[in-house]
Amino acid sequence: NLIHKISKTDNEWKKELTMQEYNICRKKDTERPFTGIYWDCKDEGIYRCKCCNIELFSSETKFESGTGWPSFFKPINDDNIEYIKDDSYGMLRTEVNCKKCGAHLGHVFDDGPKPTNSRYCINSISLHLDKLD
């Protein structure tokens, strides 16, 4: 399962994304909690990367974390996620990015539900939901 990585310049991304999408997906910003379109979304489907459309999460693994961001207990395919140590803001966290295009998705924490105990805390703006009919 080899991923063909996408590489674009900052200017190319700026043309394709809104300013907010660019700031979150490319500059690692974070949307305010309870403001994204998917934090409370109950629709079934596949959550894809906003920047390159690769499959990231299934609605079947989405859960209500109370944090105000969409939360999932596991990705569809671990190979589509890049894990990066993040020690910004005096915290030690694990950043999760799209492995195909490098888009910043959010962070993963170890306080999620069984069976994984993982909580992938993801910015809505980094995602696009392909709804099941």
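Below: a short report on this structure. What you are looking at is a predicted structure, and each value in this text was computed from that prediction instead of being measured.

Rules of the game
Residues numbered from 1 in each chain as written. Predicted model: local features only at pLDDT ≥ 70, side-chain atom pairs only at ≥ 80, totals over all residues. Heavy atoms only, no water. Helix = DSSP H or I, 4+ residues; strand = E, 2+ residues; numbered from the N terminus. Rg over C-alpha atoms; globule rule 2.2 N^0.38 Å. Buried < 20%, exposed > 50% of the residue type's maximum accessible area, 1.4 Å probe, protein only. Contact = heavy atoms within 4.5 Å. Areas by Shrake-Rupley, 256 points an atom, 1.4 Å probe, with all protein chains shown as cover. Lys, Arg positive; Asp, Glu negative; His and termini not counted. Charge placed at Lys NZ, Arg CZ, Asp CG, Glu CD. Polar contact = N/O pair within 3.5 Å; in protein donor to acceptor, adjacent residues only side chain to side chain.

**Examining the overall build of the protein**
Thought 1: Within the protein, the secondary structure is distributed over 2 helices and 9 strands.
Thought 2: Across the protein, helices and strands are ordered from the amino to the carboxyl terminus as α-α-β-β-β-β-β-β-β-β-β.
Thought 3: For 133 residues, the compact-globule estimate of 2.2 N^0.38 gives 14 Å, and the protein sits close to it at 14 Å.
Thought 4: By its C-alpha atoms, the protein is 45 × 40 × 35 Å across when sized along the principal axes.
Thought 5: Classification of the 133 residues of the protein by burial places 44% in the buried group.
Thought 6: Restricting the contact set of the protein to residue pairs at least 6 apart, pairs at least 24 apart contribute 55%.
Thought 7: Total accessible area on the protein stands at roughly 7,600 Å², and carbon and sulfur atoms take up 48% of it.
Thought 8: Averaging the locations of the 20 positively and 22 negatively charged side chains of the protein gives two centres separated by 3 Å.

**Section: the environment of E16**
Thought 1: Here E16 is to be found in helix 1 (residues 10-16).
Thought 2: Accessibility expressed as a relative area gives 45% for E16, which makes it partly exposed.
Thought 3: Along the backbone, E16 and L127 are 111 residues apart, and their C-alpha atoms lie at a distance of 15 Å.
Thought 4: Ignoring any residue separated from it by four or fewer positions in sequence, one finds E16 in contact with K8 and E21.
Thought 5: Of the polar contacts made by the side chain of E16, one reaches the side chain of K8; its length is 2.6 Å.

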